[in-house]
Amino acid sequence: ARLPGLLRAMPKAELHMHIEGSLEPELIFALAQRNGVALPYADVESLRAAYAFTNLQSFLDIYYAGASVLLTEQDFYDMAMAYLERAVADNVVHTEIFFDPQTHTARGVAMAHVIQGLHKACVDAEKRWGISSQLILNFLRHLSEEEALQTLEEALPYRAYFSGVGLDSSEVGNPPEKFARVFTRCKDLGLRRVAHAGEEGPPAYIWGALDLLHAERVDHGVQAVHDDALMQRLRDERIPLTVCPLSNQKLQVFPDLADHNMPQLLAAGLVATVNSDDPAYFGGYINENFVQLFAATGMHSEQAYQLAANSFEASFVPASRKQAWL
Ligand code: HPA
Ligand code: ZN
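All figures in this text were calculated on a predicted structure; none of them were measured in a lab.

Okay, the confidence of the model for the protein chain next. Confidence in the prediction for the protein chain averages 98 pLDDT; 100% of positions are at 70 or higher. Confidence metrics for the complex model read pTM 0.98 and ipTM 0.96.

Another aspect to go through is the site of ligand 1. Every residue lining ligand 1 is accounted for by His18, Gly21, Leu56, Tyr63, Asp168, Ser169, His196, Glu199, Ser247, Asp277 and Asp278. Considering only residue class, the shell around ligand 1 consists of two nonpolar, five polar and four charged.

Now for the UniProt feature "binding site: substrate" (unreviewed entry) in the protein chain. Under the present numbering, the feature "binding site: substrate" (unreviewed entry) in UniProt falls on Asp278. Residues contacting aspartate 278, with those up to four places away along its chain left out, are His18, Gly21, Tyr63 and Ser247.

Compared with an ideal rise of 1.5 Å per residue, which puts twelve residues at 16 Å, helix H4 (residues 56-67) spans 16 Å between its outermost C-alpha atoms and is within 8% of the ideal. Here H4 has its buried residues at Leu56, Phe59, Tyr63, Gly66 and Ala67. The arc that holds the buried residues of H4, viewed along the axis, is 90°, so those residues lie on one side. Contacts made by the buried residues of H4 are with helix H2 (25-35), helix H6 (101-105) and helix H14 (279-282).

The element strand E4 (residues 164-168) is largely enclosed, with a buried count of five among its five residues. Relative to E4, strand E3 (residues 132-140) runs parallel, the two sharing five bridges. Across the sheet, residue asparagine 138 finds its bridge partner in E4, namely glycine 166. Once the chain exits E3 it traverses helix H8 (residues 145-155) before rejoining the sheet at E4, and the crossover so formed is right-handed. Crossover handedness for the path E4 to helix H9 (residues 180-188) to strand E5 (residues 192-197): right-handed.

Time to look at helix H15 (residues 286-297). The end-to-end C-alpha distance of H15 is 16 Å, a good match for the 16 Å that twelve residues give at a rise of 1.5 Å each. Those residues of H15 lying buried are Ile286, Asn287, Asn289, Phe290, Leu293 and Phe294. Down the axis of H15, the smallest arc covering the buried residues is 160°, so these residues share one side. On its buried side, H15 packs onto helix H1 (3-9), strand E1 (12-18), strand E2 (92-99), helix H12 (245-250), helix H13 (262-267) and strand E8 (272-274). Positioned one or two residues after H15, glycine 298 has a phi angle of 75°, which is positive.

In spatial order, the strands read E1-E2-E3-E4-E5-E6-E7-E8; together these eight strands make up an open sheet with parallel pairing. Each of the sheet's edge strands pairs with one partner strand only, and the pair in question is E1 and E8. Strand-to-strand twist of the sheet, defined as the mean angle between neighbouring strand axes without regard to direction, takes the value 25°. Where E5 lies against strand E6 (residues 217-220), four bridges are found, and the strand directions are parallel. By the bridge assignment for E6, alanine 195 is matched with valine 218.

Quick look at the nonpolar core now. Counting residues in hydrophobic clusters, the biggest one holds 86 residues, and the most contacted among them are Ala80, Leu118 and Ala209. With residues up to four places along the chain from it excluded, the contact list for leucine 118 reads Ile19, Phe76, Ala80, Phe99 and Leu135.

Definitions and cut-offs
Residues numbered from 1 in each chain as written. Chains lettered and ligands numbered in written order. Predicted model: local features only at pLDDT ≥ 70, side-chain atom pairs only at ≥ 80, totals over all residues. pLDDT = per-residue confidence, 0-100. Near = placed C-beta within 6 Å. Nonpolar A, V, L, I, M, F, W, Y, C, P; charged D, E, K, R; others polar. UniProt positions renumbered as here; feature names shortened; annotations may be inferred. Contact = placed C-beta atoms within 7 Å. Helix = DSSP H or I, 4+ residues; strand = E, 2+ residues; numbered from the N terminus. Expected span 1.5 Å × (residues − 1). Buried ≥ 20, exposed ≤ 12 C-beta atoms within 10 Å, placed from the backbone. Arc of directions from axis to C-beta. Pairing = 2+ DSSP bridges. Right-handed = clockwise from strand over helix to strand, strands pointing away. Axes fitted to C-alpha atoms, helices over the stretch in contact; angles between N-to-C directions. Core = buried A, V, L, I, M, F, W, Y, C linked by C-beta atoms within 7 Å.

If you want it as structure tokens, here you go:
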């Protein structure tokens, strides 16, 4: 009975959260009104009713529609402040926030407005609540590598405001090798690297993320359990997986949360972590992910401690600050 309280109260880092996926239906409608953007939904209730996903793509279609209300620097600031306040309430002390610039620049929004709005929110949240954050620019893998390279160039004037890059959107059919050149360039620039791999895609995509994209963490990665050699490598090299239980359930990766393989990942000695992915769409922020996962799988307080420790180890903060957390 005390386990949910421990899960909620323990300090934790969040390492896999798309800021566009934190846009609650209420804020989507408020921003649509503020910006004069027409939405294909009559009201908050009918939008929420559309959140019945069958796979990753069925989610992405609605997620990109929701993001269409974001136009000004203030919009990006307001969205990020709402998430950061919510994260603080869940005792998140450090967060590494994904953002998808191409979703916005394709609609004519300036890169400066996207990054500066998010950055200012991170600065103000740290002043107000003490939470630290980093921004991670994600390339959309359904678009071309040329477009990713172009996006990187547009973002480089704001290099001081993001610590790394990632790869998201439609996984199957868009393998890591498609983005080998842009990630090698990012490595040469000193950017940290993560990539979504093994959410719906095969273990081969995880190998590709590590060997071709120089990924230091794998986002999702739950399909790794189907490849023993890969499991051994992830454990031996302590390559973290940023796992998102409610996302996996809602996108039918594990339709029943009781079947989630987090217990198996931890038992195998992997640096697995719990994260919310797109909390406004998948039914809960990080603490809801912890509480529902533990209730469904029967995990105990030892795994709770392990997951919190893993989240700090897997973060991109300097080693000196990690020591204080661990
Ligand atoms: N997978 C791929 N792309 C995404 C996701 C995800 O879980 N969330 C937002 N963009
Ligand atoms: Zn994700």
